[in-house]
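# Working through the structure, step by step
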Amino acid sequence: MSDATTPTPSSDESDIAYLKRLAVAGRGEPAPFLLLMAVFGGAYGGLLLLLTVGFMVDGWPDPAMGRYTPGPIVLIANGGILAAHLMFFVTLIWTAWRTLGPNRIRLNRTASATWTAAFIGLVTVFTAIRLFAEGEPPSDVVYSAHLLGPMLLVLWGSAWWVTAITSDRPWLLAVAIGSYVAAVAMASVGNTAMALPIICACLLLLAFVPAVILMRQRAR
């Protein structure tokens, strides 16, 4: 048999190295926004959880009763707003640096396209709602703004659905379906006190928990 058809160890190693480069290029590194998602969902979801517990203990604010005196749990939650803002702002700067800086992480093209499309869709919906409510009575503006939450959850669920299929992680389909269910739930309760625990559950179960699980899976 001639040398032209006999594989050599060096050629085998080069082929394996080439396949590894293809695999890494197709898979990409873990997206930096996973940490941003975890911090956003955990910090603000935790605050809303404290507020919900505080309102359940001390009673929900009633505009008809006049001035509301917050209890100790609500005061703690109000005091944590600044800390949550600071955590999110610092993480946002880190995410921008890891995404756009000189040593930026190479992102998976499919994931990047999916979440970019969802973000563009959100900005488009927000702009459309603002234009729709322009010049309308204040009450119509408020009710139009409440559509933003369900629309955000629909886009959020759609992005998770595509991510679940393209990354071969079926459990993310539960996150996507939960987003769709939450969108319907938020639309059904409207501008009532029941919207608070729904938003809290969305932040913790649809943002914080999936982001933490994905980061832990990547770290193994």
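Refer to the structure presented above.
As a starting point, this report considers the structure included with it. Because the structure is a prediction, the values reported are computed rather than measured. (Residues numbered from 1 in each chain as written. Predicted model: local features only at pLDDT ≥ 70, side-chain atom pairs only at ≥ 80, totals over all residues. Heavy atoms only, no water.)

So, about the packing of aromatic side chains. Summed over the entire model, instances satisfying the criterion amount to seven aromatic pairs. On the basis of an interplanar angle of 80 degrees and a centroid distance of 6.1 Å, the ring pair of Trp-156 and Trp-160 is categorised as edge-to-face. Pair noted here: Trp-156 and Trp-160 are both in helix α7 (residues 148-166), with a separation of four residues, about one helical turn. Here Trp-160 falls in the buried class, since its relative accessible area comes to 1%. (Phe/Tyr/Trp six-rings, centres within 6.5 Å; stacked < 30°, edge-to-face > 60°. Helix = DSSP H or I, 4+ residues; strand = E, 2+ residues; numbered from the N terminus. Buried < 20%, exposed > 50% of the residue type's maximum accessible area, 1.4 Å probe, protein only.)

Grouped together as the largest cluster of nonpolar side chains are 21 residues, with contacts concentrated most on Met-37, Leu-153, Trp-160, Leu-172, Cys-202 and Leu-206. When contributions to this core are tallied by element, the ones reaching two or more residues are α2 (33-58), α5 (109-133), α7, α8 (172-189) and α9 (195-219). Those residues in contact with Leu-172, other than ones at most four positions away along the chain, are Trp-160, Thr-163, Ala-164, Ser-167, Pro-210 and Leu-214. (Core = buried A, V, L, I, M, F, W, Y, C linked by side-chain atoms within 4.5 Å. Contact = heavy atoms within 4.5 Å.)

The first and last C-alpha atoms of α2 sit 37 Å apart over 26 residues, in line with the 38 Å expected at 1.5 Å per residue. Within two residues after α2, Gly-59 carries a phi angle of roughly 100 degrees, on the positive side. (Expected span 1.5 Å × (residues − 1).)

Turning to the environment of Thr-99, a few remarks are in order. Note that Thr-99 resides in helix α4 (residues 81-100). Put simply, Thr-99 and Pro-32 are 67 residues apart on the chain and 6.8 Å apart in space, counted from C-alpha to C-alpha.

What follows concerns a nonpolar patch on the surface. Nonpolar side chains collect at one region of the surface, where Leu-86, Phe-89, Val-90 and Ile-93 lie side by side and expose about 400 Å² of accessible area between them. With respect to the helices and strands, Leu-86 occurs in helix α4. Residue Leu-86 is classed as exposed on the basis of its relative accessible area of 54%. (Patch = residues over 30% accessible without salt bridge, like charges linked within 9 Å, V, L, I, M, F, W, Y side chains within 5 Å. Areas by Shrake-Rupley, 256 points an atom, 1.4 Å probe, with all protein chains shown as cover. Salt bridge = Lys/Arg side-chain N within 4 Å of Asp/Glu carboxyl O.)

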